[in-house]
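# An overview of the molecular structure
The chain contents come next:
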Amino acid sequence: MAEFRCFRRGRPGSLETMPDPVNQTAAHGVYGWTSRLFDRLLPSRCLVCSERGTIGRDLCPTCCESLPWLTTSCARCALPLGIDAELCGDCLRRPPPQTATRAAFVYRTPLDRLLPRAKFHGDLAGLRLLSTLMGDSLRDAERPEALAPIPLHRDRLRRRCYDQALELARPLARRLGVPLRDDLLRRVRATAAQSRLAAGARRRNLRGAFEVRANASLPAHVALIDDVMTTGATARSAALALRRAGVQRVDVWVCARVP
């Protein structure tokens, strides 16, 4: 696992005067040439069970087969559907601001182990794996003009020292050949953790939480990147900010969707 550090120019250990929230992770250990060399020379280990991994993947064949790929879902919010329908009832009644949502997985085992470890415990190797798997699921997706990770507020970034959405988006953008635009959105309110709130409170909590950066050049079609979608409140707020700023189409791409 790559080490990470927080710093302030000239004073290691602080992000107090950062003008913008940016990742402070030593990502070269995960994404650099040394990592690619070790991937070729050394057998990988499964990040779920520690057995020998498959070539180019930190997953063993058994855990690969157990991945809960999302195959049937609402086209607007990616809610898993047990029937052959394009939209769920909520999206028919109240369409979200995004045109489409794609989720690679349903949020269950082993995603319920991989994602929290990657999100809260600095497991950048896990984020690289999840980004690779997202790329597999998005091979047939309509390409946007840019990928925009949903940003953390600077206070949360100061505590965590890396933004999991950016770590998912960075290798995904390279693989798909789509520009990465982490300069589009800014989180302007330090909201309460969504996991502690009920559905209605989540929507109120995220209201007005994002704004488009001043003077940012706006692509016509943007795909927002995030790790998990639960109620969709975060994606809705971020997509609404982009649409109000003039982006014509916003899609949402997430690693996992909670049923």
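These numbers were taken from a predicted model, which means no experiment stands behind them. (Residues numbered from 1 in each chain as written. Predicted model: local features only at pLDDT ≥ 70, side-chain atom pairs only at ≥ 80, totals over all residues. Heavy atoms only, no water.)

## Focus: the sheet that holds strand β7 (residues 221-229)
The condition that has to hold: Any two strands are treated as partners once DSSP identifies two or more bridges connecting them. Strands are runs of DSSP state E lasting at least 2 residues, helices are runs of H or I lasting at least 4, and numbering of each runs from the N terminus. Lines fitted to C-alpha atoms define the axes here, with helix axes fitted over just the stretch in contact, and angles between the N-to-C directions of these axes take values from 0 to 180 degrees. What makes two residues a contact is simply this: any of their non-hydrogen atoms within 4.5 Å.
Across the sheet, four strands lie side by side as β3-β8-β7-β4; this open sheet has parallel pairing. On the outer flanks of this sheet lie β3 (100-106) and β4 (146-149), each paired with one strand and no other. Neighbour-to-neighbour, the strand axes of this sheet turn through a mean angle of 25°, independent of strand direction. Relative to strand β8 (residues 249-257), β3 runs parallel, the two being bridged by six bridges. When the sheet's bridge partners are listed, Phe105 is paired in β8 with Ala256. Running at roughly 165° to β7, helix α10 (residues 233-245) makes contact with β7 and β8 of the sheet.

## Concerning the pattern of salt bridges
Stated precisely, the cut-off is as follows: Criterion for a salt bridge: a side-chain nitrogen of Lys or Arg within 4 Å of a carboxyl oxygen of Asp or Glu. Burial classes: relative accessible area under 20% of the type maximum marks a residue as buried, over 50% as exposed, and values in between as partly exposed (1.4 Å probe, protein chains only).
A full pass over the atoms with the stated rule returns 13 salt bridges. Measuring nitrogen to oxygen at the nearest pair gives 3.0 Å for the salt bridge that ties Arg117 to Asp123. The partly exposed category is assigned to Arg117, whose relative accessible area is 27%. Note that Asp136 and Arg175 form a salt bridge whose closest N and O atoms lie 2.6 Å from each other. Within this pair, whereas Asp136 is found in helix α6 (residues 124-137), its partner Arg175 is found in helix α8 (residues 164-176), the two being separated by 39 residues in sequence.

## Structural notes on the environment of Glu145
Turning to its location among the elements, Glu145 is positioned in the loop between α6 and β4. Residue Glu145 is classed as partly exposed on the basis of its relative accessible area of 44%. Taking the C-alpha atoms as reference, Glu145 lies 9.8 Å from Gly177; in sequence the two are 32 residues apart.

## Overview of the packing of α6 against α8
Heads up, the rule is: Every angle not falling under 35 degrees, over 145, or within 65 to 115 is termed oblique; those three ranges are roughly parallel, roughly antiparallel and roughly perpendicular. Crossings are classed by handedness, with left-handed meaning an anticlockwise turn of the near helix from the far one by less than a right angle and right-handed meaning a clockwise turn. Throughout this entry, Asp, Glu, Lys and Arg are counted as charged residues, while Ala, Val, Leu, Ile, Met, Phe, Trp, Tyr, Cys and Pro are counted as nonpolar. The remaining residues, Gly among them, count as polar.
Following both chains from N to C, one finds α6 and α8 inclined at 50°, their axes separated by 8 Å at the closest point. Between α6 and α8, the crossing angle belongs to the class labelled oblique. Judged by the twist between their axes, the crossing of α6 over α8 is right-handed. Here α6 contributes Leu124, Leu127, Leu130, Ser131, Thr132, Met134, Gly135 and Asp136 to the contact with α8, which in turn contributes Gln164, Glu167, Leu168, Pro171, Leu172 and Arg175. For the contact of α6 with α8, the residue count by class is seven nonpolar, four polar and three charged.

## Some remarks on the packing of aromatic side chains
Note the threshold: The pairing test for Phe, Tyr and Trp rings, Trp by its six-membered ring, is centres within 6.5 Å, and the orientation test on the planes gives stacked under 30 degrees, edge-to-face over 60, and tilted for anything in between.
Applying the stated criterion across every chain, the model contains one aromatic pair. Arranged with centres 4.4 Å apart and planes meeting at 40°, the rings of Trp69 and Phe105 form a pair that is tilted. Here Trp69, found in the loop between α3 (61-65) and α4 (89-93), pairs with Phe105, found in strand β3; they are 36 residues apart in sequence, far enough to count as distant. Phe105 gets classed as buried once you look at its relative accessible area, which sits at 0%.

## Comments concerning the side chain of Ser137
Looking at where Ser137 falls in the secondary structure, it is placed in helix α6. Judged by its relative accessible area of 19%, Ser137 is buried. Not counting the four nearest positions on each side in its chain, Ser137 is found in contact with Trp69, Arg102 and Ala104.

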